[in-house]
Amino acid sequence: MKFIQYLSVSILTSFLFMQCSSAQKLQKEAAFQTDKAYYQKWVAGLKDGGSGINVFIPIDSNPKNLKLDSLYFRGYIVTLQTKPNFPDLYIGRITTNANQPKDYGVDTSDIPFDLKDNEAVVSYTENGKTKYLKIENLVEKQMEQYPSAPPRNLNKQ
């Protein structure tokens, strides 16, 4: 009887350890540098024009076997994008609830990381493996406020 109890406790313990090993593990170091990462809030000048936060992650060197994928920041999960002219600048565009139409809803899914307001986690793939890097001390730049109307072209003829 004790053998069956021992066996069942051993199996249960094994399942618990296997569950813990599948959780996302943060990397201590990555093959790229992100020391100049920052974020900037923005708001449109029109009613219901939108608002959000853009997170900018410039990387110093980008090995060909590495691709930044997603960003976890303040309860939001967004896909990171680049611009053709700036392939080493990744941008996470977060849309927030402020200045949105009344029926607009933003999904703030539970993220698997415990982060402060100035911390983010980047999901990236390296050699086909998904890894996670925590970025600490993100700097907040001055808010971008877009005008309510496009500027007039003073050079019209």
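Residues numbered from 1 in each chain as written. Predicted model: local features only at pLDDT ≥ 70, side-chain atom pairs only at ≥ 80, totals over all residues. Heavy atoms only, no water.

> Sorry, what's going on with the pairing of strand β3 (residues 51–58) here?
Here is the key point about a regular strand: its side chains alternate between the two faces of the sheet. Within β3, 7 of the 8 residues are buried, leaving the element largely enclosed by the surrounding structure. Across 6 bridges, the pairing between strand β2 (residues 38–43) and β3 is antiparallel. Its bridge partner being in β3, Trp42 is matched across the sheet by Gly52. In this sheet, strand β6 (residues 86–95) lies alongside β3 in antiparallel orientation, the contact comprising 7 bridges. Counterpart to Ile53 in the pairing with β6 is Ile94. (Buried < 20%, exposed > 50% of the residue type's maximum accessible area, 1.4 Å probe, protein only. Helix = DSSP H or I, 4+ residues; strand = E, 2+ residues; numbered from the N terminus. Pairing = 2+ DSSP bridges.)

> Sorry if this is basic, but what is going on with the packing of aromatic side chains here?
Geometry of an aromatic ring pair is reported as the spacing of the ring centres plus the angle between the planes. This structure, assessed with the given rule, holds 5 aromatic pairs. Seen from their ring centres, Tyr72 and Phe113 are 5.1 Å apart, and the 75° between their planes marks the pair as edge-to-face. One end of the pair, Tyr72, is in strand β4 (residues 66–73); the other, Phe113, is in the loop between β6 and β7 (120–126), with 41 residues separating them in the sequence. A network of ring pairs unites the aromatic residues Tyr72, Phe113 and Tyr132 as a single cluster. The side chain of Lys141 reaches across the aromatic face of Tyr38, ending 4.3 Å from its centre. (Phe/Tyr/Trp six-rings, centres within 6.5 Å; stacked < 30°, edge-to-face > 60°. Lys NZ or Arg CZ within 6 Å of the ring centre and 35° of its normal.)

> Even after reading the chapter, I still don't get the pattern of salt bridges, so can you show me in this structure?
If charged atoms from side chains of opposite charge come close, those side chains can pair. Summed over all chains, the structure comprises 3 salt bridges. Glu119 is the salt-bridge partner of Lys134, the closest N and O atoms lying 3.5 Å from each other. A residue pair is termed long-range when its members are at least 10 positions apart, and Lys134 in strand β8 (residues 129–135) and Glu119 in the loop between β6 and β7 qualify at 15 residues. What makes Lys134 partly exposed here is its relative accessible area of 29%. The class of Glu119 is buried, set by a relative accessible area of 7%. For the salt bridge of Lys131 with Glu126, the shortest nitrogen-to-oxygen distance reads 2.9 Å. In this structure Glu126 comes out as buried when scored by relative accessible area, which is 15%. (Salt bridge = Lys/Arg side-chain N within 4 Å of Asp/Glu carboxyl O.)

> Looking at this structure, I do not really get unusual backbone geometry. What am I missing?
Apart from glycine, the bulk of residues carry a negative phi angle, and the bulk of peptide bonds sit in the trans form. A positive phi angle, close to 50°, is found at Arg74, a residue other than glycine. Its place among the elements puts Arg74 in the loop between β4 and β5 (76–83). Among the residues examined, Arg74 registers a relative accessible area of 26% and is labelled partly exposed. Unusually for a residue other than glycine, Asn127 sits at a positive phi of about 55°. Looking at where Asn127 falls in the secondary structure, it is placed in the loop between β7 and β8.

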